[in-house]
Each structure stands twice: as structure tokens, then as C-alpha cells.
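# Summary of the model geometry
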Amino acid sequence: MEVVITADAAIVDGARGPTSVLAEAGKILAVGDPKDVLADPRAAGAGRIEWPHRAMVPGTINTHNHSFQSLLRGIGDDLPFLEWRDKALYRYSPRLGPDDMATAALFAFGEMLLHGVTTVCDFYYLNNQGNEHASATIEAARRLGIRIVMARCFYDWNGAPAAYRETIPQAVANFESLAAKYQDKTRFLTTVQPAPHSQHGATPDMIEAGAGCARDAGVPWHIHLAEERYQVDQSLERFGKRPLHAVSELRVDMSTMIAVHGCWFDASERALLAERGGSLAYCPGSNMFLGDGVTDLVDLVARGVKVGLGTDGGCSNNRVSVFDEMRMAALLQKVHRTDGQAITAETCFQLGTRTAGEVLRLPIGRIAPGYRCDLVALDLDDPSLWPAQALEKNVVYALSPRAVTDVVVDGQEVVVARRLSHVLLDEVQGRVARLTAGWGR
Ligand SMILES: [Zn+2]
């Protein structure tokens, strides 16, 4: 049950030298110099994982993704949004069944693990009025060993394919039965949270229903807001208010709200988000890929808003690395403000780890007693991490994904020597190739 993991260096609230972590049943009990941790009586008889020539860092947390979109990667890129939506998203996604969802999840989450993602939040809107798809996705995550937050969607916009839509009673009942089946309150390997899609994908009543389920379950809720400029115009037209102001007038608890994107939040909305204690899932790579706009991250962080990073779907980025999003967040904010000091590597590292855990309200994202033992090993012999004394800066600005060698989730090895431990990549490759043969023509 107990395990001691030892590496030559670590990022534990800043960089440090040789470090050991003692964990029991997936929970960190002690962190420190190897000789001290190994002398702990609780370490007697513990299993050992040795990471020589490697640095141990907290597992990264992907606060926003749509796993099925990995299947559409490269199909429909560089098109106007509505054309992409109709030719790629709406054309292929309604055909997918539970087994296809498992394929998508094995693909998306397997690739994420290899990039050092230990927790993924899957914002899941292809529910087909049931839970078979979401269940297949959760089971795929379990097979791989990645920690999953299933952000189950609440969606009732008539313009979308029928597979996305539900009535309010259907969405509530399905959310509750999925949560009853999978909510893991001990190890937090699976968490179910409601996700009213957006102002355009969910009616005000549907948004209130989702937020109500969050309140009843004691979990946060997710909603896409102000991603593209037209969504602000639409909100002004339909509700006479900007997106966040319109949502704040509903019967919802904004302190547990995770707004996704927020590219077009103005100063009054950023102030409101801070005042109500809401948080943000920030996806800089996707925002750039789609040409959405630039969220004022620097201002939100200064106001004390908790922010986590997300990759968004595999066909709107098209990478799945949170380390990459740390770099993207920093570069985008620096150029947006024409100020190389707009934000630091250390802040961006926190957004991908510690504060992302706070956003999802899970004990993850830090190497500290009481937190879940989710760790990534980085190869100190990889030139992208040289010179070694600038570890944290180099992890954010220079890291090559090639340097990710090992991954532990909840004290269990899920990537060893750059290979998935529980699923063969050949199987995933075969499934993806069979499923997508002929797509995009
Ligand atoms: Zn999204």
C-alpha cells in the first residue's frame, strides 16, 4: 500500500534537490530529503520507485477538454467556425456510439498521460439522452489510470444535433444517476460535475438546473462563456446584458462556477467574477487556434480569480499538453500587453497544477501531505531542461514532451519509460484508424 518515490530534483513550491515522497493508498504522507523520508517509520516495507536523473513535478491538470474531438484532429482545420462546426463536428459526432467514445477517450487521455497530464476534466456533451457514452469514457479513463472529472453537459439548444440535446428532467436524472454510480469521494479518481453548455447551448432554465445539481451534489459547475465576440452581442440582444451579468441574474451560485474561456469578459465582468468567487478554465492554445480573442488573464489573476489551464478539444488546439498551455499562456499574455514581464513562468506553472486543483475542488496539484500522489518525472538528461539550475523556468518555456518519462496517478505507475502501463498504444492506434477511415473526404 505504501510507496516511496525518489528523484534527483523536484518542484515542490519551488525547485529543490533530491526529494522523496511517501504515499499510502494514493495519498501523500510526507515529502522531503530522501534520508528523512526513508527514516519515517511509515516508510518501512514501502514499495520503491526510483527516478534517477529525473525531476519530480506535480502531475498537470487539464481543466477543459472534449475527448471525442481528438478524433476530428486535422479534419476541418483553418475553416470559418460555422463551416468547421457543420462539416466536421456536426457531421461526424452524431454517428459515434459508446465503443467509439471509448476509442476517443483512450486516444485523448492516453496521449495526455504521455504529456504529463494526470487529471483531465472532460466537458461532455455527446450524451444521446443517456449515460452510456459518459460511462464508456469514464471506463476508458479507469483503464488507463488517469484521474477524470466528468463534466456532464446540460444542453437544450434546438439547432444542435439531437445527440447533444436533452430535456431538463432528462439532464437532471441522468446527471444524478451518473454521479450516484461513479462519484468517488475517497480517492477522487472519478468525479462527476454538471456542465450547462453555454448561453447559446442551454436555456436559462437549463443553466439553473445544472447549477442546482451542483449545489445538491456539493461540486462546482462548468459553463462556456464569452469565448467569441459574437457571443457577447448575442447575450446583449437576448438578455440585454453581457454574458457574466446575464448569468449572475439567474438562480445560480457563482462561487462554485467555473467559467470556460472568458475571452471577451470586460472589466465589469472580471470584477464581478472576482467579487463572487467564481473561477476560470483558461485555454490559450485553443483561443489562438480558433482566433477567439485574448482573455485578460493578468487582470483576473491580479484580482484573485482562481484560474486553471485547459487544452480544449483535440481539433481546436491541436495539442493535449498542459505544459504547452503554460508556455502558451505566458507568451500570449506577454505579446498582448507588449510586456515581457506581464506574467512569470512560476505563475503559469501554478495555473497548470496547484490552482487548477483548487478550481476543480480536488486535493490535487501539489506535492504536499494530504494531496493525492499524482507525479510526473522529467528527464534531466534531456537538453530542453538545461541548464539544470533554471528548472522551473525551463519546464514552462523550454520543455520538450520527449522529456516526460514516467507518470504516477494516485500512487500507481501509469506511464513507465515513456510507455502507457495498462493499454497498448498499438490497440489505440488501430481503433482510431478503423473508426476514422474515410473521414474528412
Ligand atoms: Zn469547450
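Please refer to the structure higher up on the page.
Residues numbered from 1 in each chain as written. Predicted model: local features only at pLDDT ≥ 70, side-chain atom pairs only at ≥ 80, totals over all residues. Heavy atoms only, no water.

## Considerations on the overall build of the protein
Stated precisely, the cut-off is as follows: Put simply, DSSP H or I for four residues or longer makes a helix, DSSP E for two residues or longer makes a strand, and each gets a number counted from the N terminus. With C-alpha atoms as the basis for the radius of gyration, the globule rule is written as 2.2 Å multiplied by the number of residues raised to the power 0.38. The cut-offs for exposure are 20% and 50% of the maximum accessible area for each residue type, with area from a 1.4 Å probe on protein chains only; residues under the lower value are buried, those over the upper are exposed, and the others partly exposed. We call two residues in contact when some of their heavy atoms are within 4.5 Å. Only the protein chains shown count as cover for residues, and all accessible areas are computed by the Shrake-Rupley method using a 1.4 Å probe.
A count of helical and extended segments in the protein gives 16 helices and 17 strands. Computed over the C-alpha atoms, the radius of gyration of the protein is 21 Å, within 12% of the 22 Å expected from 2.2 N^0.38 for a compact globule of 441 residues. By principal-axis analysis of the C-alpha atoms, the protein measures approximately 65 × 45 × 45 Å. The proportion of buried residues among the 441 residues of the protein is 62%. Put simply, of all contacts in the protein between residues at least 6 apart along the chain, 73% involve residues at least 24 apart. When the accessible surface of the protein is summed, it comes to about 16,500 Å², and 51% of that surface belongs to carbon and sulfur atoms.

## Brief notes about the sheet that holds strand E11 (residues 257-261)
Spelled out, the test is: For two strands to pair, DSSP has to find at least two bridges joining them. Here the axes come from fitting lines to C-alpha atoms, over the contacting stretch only for helices, and the angles between their N-to-C directions go from 0 to 180 degrees.
If you trace the 4 strands from one edge of the open sheet to the other, you get E10-E11-E12-E13, paired in parallel fashion. Single-partner strands in this sheet number two, and they are strand E10 (221-225) and strand E13 (306-309). The mean angle between the axes of side-by-side strands here comes to 30 degrees, regardless of whether they run parallel or antiparallel. In the sheet, strand E12 (residues 279-282) pairs with E13 via 4 bridges, with the strands oriented parallel. Paired with Ala281 across the strands is Gly308, a residue of E13. In the packing of helix H12 (residues 322-336) onto the sheet, contacts are made with E12 and E13, and the angle to E13 comes to roughly 120 degrees.

## Comments concerning the sheet that holds strand E9 (residues 190-196)
Strand order across the open sheet formed by 4 strands is E6-E7-E8-E9, with parallel pairing between neighbours. Edge positions in the sheet fall to strand E6 (60-65) and E9, since each of these pairs with one other strand and no more. Between one strand and the next, the sheet's axes are offset by a mean angle of 15 degrees, whatever the strand orientation. Across 4 bridges, E6 lies against strand E7 (residues 117-124) in parallel orientation. Across the sheet, Thr60 pairs through a bridge with Val117, a residue of E7. Against the sheet, helix H4 (residues 132-144) engages E7, strand E8 (147-154) and E9, with an angle of about 170 degrees to E8. With respect to the sheet, H12 is in contact with E6 and E7, its orientation differing from that of E6 by roughly 80 degrees.

## Thoughts on the environment of Ser400
Here Ser400 lies in the loop between helix H15 (391-397) and strand E15 (404-409). Given the relative accessible area of 14%, Ser400 is considered buried. Ser400 sits 355 residues away from Gly45 along the chain, and the two C-alpha atoms are 36 Å apart. Excluding its chain neighbours within four sequence positions, the residues that come into contact with Ser400 are Asp382 and Ser384.

## A few points about the side chain of Asp379
In this structure, Asp379 sits in strand E14 (residues 375-379). Asp379 sits in the buried class, given a relative accessible area of 16%.

## Notes on the coordination of the zinc ion
Applied cut-off: Here a donor is an N, O or S atom found within 2.8 Å of the metal, or within 3.2 Å if the metal is Na, K or Ca; sites may look incomplete because water is not among the atoms.
Distances from the zinc ion to its protein donors, His64 (NE2), His66 (NE2) and His224 (NE2), fall at 2.0 to 2.2 Å. Every donor residue of the zinc ion comes from the same chain, spaced as H-x1-H-x157-H. The exposure class assigned to His64 is buried, which follows from its relative accessible area of 0%. What makes His66 buried here is its relative accessible area of 3%.

## A look at unusual backbone geometry
The amide bond that connects Asn317 to the next residue, Asn318, takes the cis arrangement and shows omega of 0 degrees. Among the structural elements, Asn318 can be located in the loop between E13 and H12. Put simply, Trp386 and Pro387 share a cis peptide bond, and its omega is -10 degrees. Residue His261 is not a glycine yet carries a positive backbone phi of 85 degrees. Note that His261 resides in strand E11. Overall, His261 belongs to the buried group, its relative accessible area being 0%. Even without a glycine there, the phi angle at Ala417 is positive, about 50 degrees. Tracing the backbone shows Ala417 in the loop between strand E16 (412-416) and strand E17 (419-420). The exposed category is assigned to Ala417, whose relative accessible area is 54%.

By themselves, these are just geometric observations and shouldn't be taken as functional.
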